[in-house]
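Below, each chain spelled out in residue letters.
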There are 2 protein chains.
Amino acid sequence: MTDLDHTHDAAATSWVESADATDADFPIQNLPFGRFARESGQPGVGVAIGDRVLDLGRAAEAGLLDGLATRTALGAPSLNALMAHDTADRVSLRHRLFELLSAQADAATQASVTPHLVPGSDVRMLVPAQVGDYTDFYASIHHATRVGQLFRPDNPLLPNWRWIPIGYHGRASSLVPSGTPIRRPTGQLRPSADDAPPTFGRSARLDYELELGVFVAGENALGETVPLREAEERIFGVCLVNDWSARDIQGWEYQPLGPFLGKSFATSVSPWVVTREALAPFRAPAFERPDGDPQPLPYLDDVSNRVDGGVDIRLEVALHTSAMRDRGDGPEVLTRGDSLGLYWTFAQMLTHHASNGCNLRAGDLIASGTVSGPDRSESGCLLELSTGGRTPISLANGEERAFLEDGDDVVLSGRCERDGFRSIGFGACTGRVLPADPAHAPSP
Amino acid sequence: MTDLDHTHDAAATSWVESADATDADFPIQNLPFGRFARESGQPGVGVAIGDRVLDLGRAAEAGLLDGLATRTALGAPSLNALMAHDTADRVSLRHRLFELLSAQADAATQASVTPHLVPGSDVRMLVPAQVGDYTDFYASIHHATRVGQLFRPDNPLLPNWRWIPIGYHGRASSLVPSGTPIRRPTGQLRPSADDAPPTFGRSARLDYELELGVFVAGENALGETVPLREAEERIFGVCLVNDWSARDIQGWEYQPLGPFLGKSFATSVSPWVVTREALAPFRAPAFERPDGDPQPLPYLDDVSNRVDGGVDIRLEVALHTSAMRDRGDGPEVLTRGDSLGLYWTFAQMLTHHASNGCNLRAGDLIASGTVSGPDRSESGCLLELSTGGRTPISLANGEERAFLEDGDDVVLSGRCERDGFRSIGFGACTGRVLPADPAHAPSP
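All values reported here derive from a predicted model rather than from experimental measurement.

### A short note on the overall build of chain A
Reasoning step 1: The secondary structure content of chain A amounts to 11 helices and 26 strands.
Reasoning step 2: Against the globule reference of 22 Å for 444 residues, chain A gives a C-alpha radius of gyration of 22 Å, in line with a compact fold.
Reasoning step 3: Long-range pairs, those at least 24 residues apart, make up 73% of the contacts in chain A with a sequence separation of at least 6.
Reasoning step 4: Summing over all exposed atoms, chain A offers an accessible surface of approximately 15,600 Å²; the carbon and sulfur share of this is 49%.

### Things to note about the sheet that holds strand S2 (residues 43-49) of chain A
All names here are of chain A.
Reasoning step 1: Pairing in this open sheet of five strands is antiparallel, and the strands run S4-S3-S2-S1-S5 from one edge to the other. Unpaired on one side and paired on the other, strand S4 (117-119) and strand S5 (124-126) mark the two borders of the sheet. Strand-to-strand, the axes of this sheet are offset by a mean angle of 50°, without reference to chain direction.
Reasoning step 2: Relative to strand S3 (residues 52-55), S2 runs antiparallel, the two being bridged by four bridges. For Gly46, the partnering residue across the bridge sits in S3 and is Asp55.

### Focus on the pairing of strand S25 (residues 409-416) of chain B
All names here are of chain B.
Reasoning step 1: With six of eight residues buried, S25 is to be regarded as a mostly interior element.
Reasoning step 2: Here strand S20 (residues 314-320) runs beside S25; their pairing, made up of seven bridges, is antiparallel. Within S25, the position partnered with Val317 by the bridge is Leu412.
Reasoning step 3: In the sheet, S25 pairs with strand S26 (residues 424-434) via seven bridges, with the strands oriented antiparallel. Residue Cys416 lies in a different strand from S26, and its bridge partner there is Ile424.

### Some details on the interface of chain B and chain A
Reasoning step 1: At the junction of the two partners, chain B supplies 69 residues and chain A supplies 69 residues.
Reasoning step 2: Between chain B and chain A, a total of about 6,200 Å² is buried, with carbon and sulfur atoms accounting for 62% of that surface.
Reasoning step 3: Interface area lost by chain B to chain A is led by His169, Leu257 and Phe260 of chain B, which between them contribute 13%.
Reasoning step 4: Remark: the boundary between chain B and chain A carries four salt bridges.
Reasoning step 5: Note that Asp133 of chain A is salt-bridged to Arg171 of chain B, the shortest N-O span being 3.4 Å.
Reasoning step 6: Summed over the shared surface of chain B and chain A, the number is 29 residue pairs in polar contact (both at pLDDT 80 or more).

### Thoughts on the environment of Arg52 of chain A
Residues and elements named next belong to chain A.
Reasoning step 1: Checked against the element boundaries, Arg52 lands in strand S3.
Reasoning step 2: Since its relative accessible area comes to 31%, Arg52 is described here as partly exposed.
Reasoning step 3: C-alpha of Arg52 to C-alpha of Ala246: the two residues are 194 residues apart in sequence and 36 Å apart in space.
Reasoning step 4: Apart from residues lying up to four places away in sequence, Arg52 is in contact with Val16, Val47, Leu117, Val118, Pro119 and Gly120.
Reasoning step 5: A polar contact of 3.2 Å, which involves the side chain of Arg52, links it to the side chain of Asp51.

### A look at the relation of the copies chain B and chain A
Reasoning step 1: Structural alignment of chain B on chain A gives an RMSD of 0.0 Å, achieved by rotating through 180° and translating 0.0 Å along the axis. Those values place the two copies in the arrangement expected of a two-fold rotation axis. Among all residues of chain B, the minimum C-alpha distance to the rotation axis is found for Gly258 of chain B, at 2.1 Å.
Reasoning step 2: Counting the interface residues of chain B, we find that 100% of their copies in chain A are interface residues as well, pointing to one common contact surface.

### Digging into the side chain of Ser379 of chain B
All names here are of chain B.
Reasoning step 1: Secondary-structure assignment places Ser379 in the loop between strand S22 (365-367) and helix H11 (382-385).
Reasoning step 2: For Ser379, a relative accessible area of 0% gives the class buried.
Reasoning step 3: Those residues in contact with Ser379, other than ones at most four positions away along the chain, are Arg146, Thr335, Ser372, Glu384 and Leu385.

### Here's the deal with the side chain of Arg247 of chain B
Reasoning step 1: Here Arg247 of chain B is to be found in helix H7 (residues 247-253).
Reasoning step 2: If sequence neighbours within four positions are ignored, Arg247 of chain B has contacts with Arg205, Asp207, Tyr208, Glu209, Lys263, Cys381, Leu383 and Phe403 of chain B.

### Let's talk about empty space enclosed by the protein
All names here are of chain B.
Reasoning step 1: With the rule as written, the count across this model stands at 11 cavities of 30 Å³ or more.
Reasoning step 2: Taken as a whole, the largest cavity holds about 210 Å³ of empty space.
Reasoning step 3: Contributing to the lining of the largest cavity are 21 residues, with Arg283, Gly309, Gly310, Val311 and Phe346 lying nearest its centre.
Reasoning step 4: Among the secondary structure elements, those contributing two or more residues to the lining of the largest cavity are strand S13 (210-216), strand S14 (235-242), strand S19 (310-311) and helix H10 (346-353).
Reasoning step 5: Residues belonging to the lining of the largest cavity are distributed by class as follows: 14 nonpolar, four polar and three charged.

### Description of the packing of aromatic side chains
Each aromatic ring pair is characterised by the separation of its centres together with the angle its planes make.
Reasoning step 1: Tallying each qualifying case throughout the model produces 16 aromatic pairs over all chains.
Reasoning step 2: With centroids separated by 4.2 Å and ring planes inclined at 45°, the aromatic side chains of Phe200 of chain A and Tyr299 of chain B adopt a geometry described as tilted. On the criterion of chain membership, the pair formed by Phe200 of chain A in strand S11 (residues 199-202) and Tyr299 of chain B in the loop between strand S18 (283-284) and helix H8 (303-308) is interchain, its members lying in two chains.
Reasoning step 3: Among the aromatic residues, ring-to-ring pairing joins Trp161, Phe287, Tyr343 and Trp344 of chain A into one connected group.
Reasoning step 4: The ring of Trp344 of chain A has Arg289 of chain A lying over it, and the distance from NZ or CZ to the ring centre is 4.6 Å.

### Details of a positive patch on the surface
Reasoning step 1: On the surface, Arg190, Arg205, Arg376 and Arg390 of chain B cluster together into a positively charged patch.
Reasoning step 2: The residue Arg390 of chain B is located in the loop between H11 and strand S23 (393-394) in this model.

### Description of the pattern of salt bridges
Reasoning step 1: Under the criterion given, the structure shown has 57 salt bridges over all chains.
Reasoning step 2: Salt bridges here are not isolated pairs; linked through shared partners, they connect Asp207, Glu209, Asp243, Arg247 and Lys263 of chain A.

### Here's the deal with the sheet that holds strand S21 (residues 332-338) of chain B
Reasoning step 1: Pairing is mixed in the open sheet, where five strands are placed in the order S9-S26-S25-S20-S21 (chain B). The open sheet is flanked by strand S9 (182-183) and S21 of chain B, the only strands paired with a single partner.

### Describing helix H5 (residues 141-151) of chain A
All names here are of chain A.
Reasoning step 1: The element H5 is largely enclosed, with a buried count of eight among its 11 residues.
Reasoning step 2: Along H5, the residues that are buried comprise Ile141, His142, His143, Ala144, Thr145, Arg146, Val147 and Gly148.
Reasoning step 3: Residues of H5 that are buried in the fold lie against helix H11 (382-385).

About the thresholds
- Residues numbered from 1 in each chain as written.
- Chains lettered and ligands numbered in written order.
- Predicted model: local features only at pLDDT ≥ 70, side-chain atom pairs only at ≥ 80, totals over all residues.
- Heavy atoms only, no water.
- Helix = DSSP H or I, 4+ residues; strand = E, 2+ residues; numbered from the N terminus.
- Rg over C-alpha atoms; globule rule 2.2 N^0.38 Å.
- Contact = heavy atoms within 4.5 Å.
- Areas by Shrake-Rupley, 256 points an atom, 1.4 Å probe, with all protein chains shown as cover.
- Pairing = 2+ DSSP bridges.
- Axes fitted to C-alpha atoms, helices over the stretch in contact; angles between N-to-C directions.
- Buried < 20%, exposed > 50% of the residue type's maximum accessible area, 1.4 Å probe, protein only.
- Buried area = accessible area lost by both parts, 1.4 Å probe.
- Salt bridge = Lys/Arg side-chain N within 4 Å of Asp/Glu carboxyl O.
- Polar contact = N/O pair within 3.5 Å; in protein donor to acceptor, adjacent residues only side chain to side chain.
- Least-squares fit on C-alpha atoms with pLDDT ≥ 70 in both.
- 1 Å grid on protein atoms, 1.4 Å probe; cavity = no way out; pocket = protein on both sides within 12 Å on 5 of 7 lines; lining within 4 Å.
- Points joined across faces, edges and corners; volume = space filled by probe spheres on them.
- Nonpolar A, V, L, I, M, F, W, Y, C, P; charged D, E, K, R; others polar.
- Phe/Tyr/Trp six-rings, centres within 6.5 Å; stacked < 30°, edge-to-face > 60°.
- Lys NZ or Arg CZ within 6 Å of the ring centre and 35° of its normal.
- Patch = residues over 30% accessible without salt bridge, like charges linked within 9 Å, V, L, I, M, F, W, Y side chains within 5 Å.
- Lys, Arg positive; Asp, Glu negative; His and termini not counted.
- Charge placed at Lys NZ, Arg CZ, Asp CG, Glu CD.

All we've got here are geometric facts, nothing functional implied.
Here you go:
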């Protein structure tokens with residue numbers, strides 16, 4: 001775990017007044033990094049403070065970041081260069097940004113920073129890094145158990161599940177930033193009967209998946225592993241991920257090589273990466289394994305990981321249907337949960353990922369898999385909430401959902417709260433379902 | 001299929017004499033593209049002719065490629081920029097290279113080209129493109145059947161196999177060029193008995209997989225599909241792929257989300273990409289489905305694909321053990337086969353891949369999965385040749401192999417031959433197995 005320092009002081013405030021609002025996601029204790037499109041066409045990287053974005057490339061050009069090892073990286077068009085720096089470099093940057101934005105900053109400092117602050121509503125945010133590889137785990141025991149129960153009621157978890165952080169390679173090209181509309185995919189669908197042929201058409205079982213994602217810092221050379229004690233240092237920060245899933249495409253294709261086109265049509269990520277440093281006050285013990293569960297093998301186990309390998313993030317999924325929007329109603333919260341049901345910590349996932357010598361590069365994205373709580377109502381996807389589509393959920397306005405309908409907005413959000421600390425937020429990860437486009441359906 | 005033209009004339013020769021040797025892989029009819037490390041540190045792209053490499057960046061600087069739409073792309077540090085061009089642009093480049101290297105070229109032309117020819121033995125070849133995403137299919141019916149028989153003797157192919165080109169996302173970061181040593185991976189291994197815990201250690205069931213890989217040309221936007229009639233245009237060219245596999249890691253981890261660490265420690269690719277244009281004389285009908293097999297759904301079926309969606313490539317796997325090398329013996333051929341057992345064409349794989357709107361980008365790599373023939377002796381991996389390790393193969397020198405031993409060199413090669421045409425080759429895809437490094441085994 002990272003040390004707490006003055007940047008975690010609950011009493012600290014910013015001269016950017018919007019950062020001090022009680023419900024602000026981005027107070028001065030947060031300072032998350034993101035990537036945005038400038039009007040010039042050249043993307044830049046920035047840090048969020050209240051409702052503003054500090055353009056770090058411009059701030060560096062203006063000399064505000066002189067002396068920092070990360071100065072050059074902040075002029076890059078994505079966060080990969082910053083993510084290649086080590087923790088000490090990143091902490092120095094955090095301290096400088098805190099000084100520049102703190103209410104303690106003198107008038108001259110404020111005047112020098114102000115020209116490089118842009119209203120957040122004016123910038124179009126991008127996927128934070130150029131993701132070389134995207135990996136998706138399956139780390140929530142509640143999710144894995146409930147999904148397993150749909151197929152194997154008596155034996156929901158396979159024998160490997162409690163031993164291995166189960167994961168698979170995802171598709172990097174179809175990662176999109178929050179706000180990008182999601183076209184309902186077409187695909188080959190499971191036959192309606194065992195002896196019937198499959199069909200090709202629009203997915204009728206489109207789902208969201210509430211996930212957390214970690215951006216990797218640094219790089220291990222191919223053939224080198226990452227000991228668990230070093231894994232935390234390889235975590236740059238955390239974002240929200242919506243791993244949209246077409247359950248009918250996935251259900252037909254996934255044997256024996258796993259999910260493929262049921263996932264690769266789009267994966268949304270929230271634009272602001274909340275750093276490991278900002279999360280320091282919210283660390284939590286790793287999942288307490290119930291009696292009878294094995295302890296992890298030694299390479300996935302150490303005291304530090306047990307004591308605070310977890311992180312306590314409150315999560316929420318809200319749905320805003322077109323009917324709600326038409327009537328001027330706000331979104332309806334479908335699920336409130338937290339990240340404490342992750343059986344494996346991100347450090348364990350990362351160490352396992354590299355345990356065969358696989359090289360993890362700065363900017364790689366590692367997602368948790370669907371984050372669900374112990375009760376069905378805390379599920380992070382409709383597949384669980386609707387019991388595989390058999391028990392549609394009822395919305396307050398009388399609508400029902402077994403799976404997503406065209407026009408549905410899905411809004412993920414996350415927040416960390418702990419007594420004695422300033423709460424911080426993740427911003428939102430949103431996406432609206434567009435109808436499948438018949439013009440794009442492939443035909444010979 | 002691409003049209004045949006004068007660049008396919010069997011009688012054509014080059015003034016680079018090594019290109020005219022009967023067994024040359026790279027005669028003037030081939031002209032494959034690759035990427036190499038220059039001494040300056042800046043990678044360049046080139047074309048192979050006999051035992052030479054023409055540095056295309058330098059040739060472009062010297063004005064030899066003026067007027068070509070691809071001229072700028074040839075100064076790039078990888079082939080991605082060239083792969084972004086359309087077929088017409090690439091054909092124009094092929095024609096220019098043919099003119100420059102043809103024995104018909106006048107003395108002045110030869111003199112202008114010669115300074116940019118580098119001995120192939122002097123350059124270190126790289127992975128041809130910066131691969132955004134690597135996808136691996138499972139398209140050989142002989143491979144899928146024999147592997148399936150190991151687990152389900154009566155029902156080797158799952159119900160979806162004849163309908164869907166089954167595939168999964170692979171790991172892009174661990175793609176390495178031919179010649180890179182392959183460190184035997186460590187990992188979590190299946191328990192020796194159902195009630196025993198798994199162990200962590202070196203893989204004892206390390207295997208190679210003989211595959212073909214296609215580099216993608218052009219890009220479809222996210223949400224747009226690729227009709228089968230357009231899929232061929234999206235194929236830049238073909239290389240050899242060795243999808244190294246740790247069967248014991250894979251066997252324990254792969255349920256339910258597919259192969260992960262059993263594959264991601266390394267995947268070797270041959271450095272020279274044989275273009276679709278060069279392969280034109282060697283096109284073949286798509287796999288003839290046996291009676292009783294379904295025809296593909298309409299989006300995966302058209303006359304053109306049936307008539308010449310396939311390509312006839314003779315493939316070979318050779319093993320060169322350290323004992324053979326110590327005695328000065330050459331490699332022993334384990335398998336001779338061809339690509340005609342691919343049940344799905346590359347165009348079908350590509351169209352299926354994009355059928356959900358997944359964006360395929362220039363430089364993406366799509367591999368076939370293990371290429372095996374109908375007879376066990378034509379298998380493209382040891383898992384098949386040794387029946388899951390139960391029937392080790394005997395080598396001529398008295399050694400046996402169930403799986404790979406440390407020090408083994410695996411050499412893949414490929415060649416196209418057809419009466420009336422000059423045969424062309426793929427070069428080799430090699431890799432030597434290094435011992436697992438205990439110093440790199442993760443421990444807490």
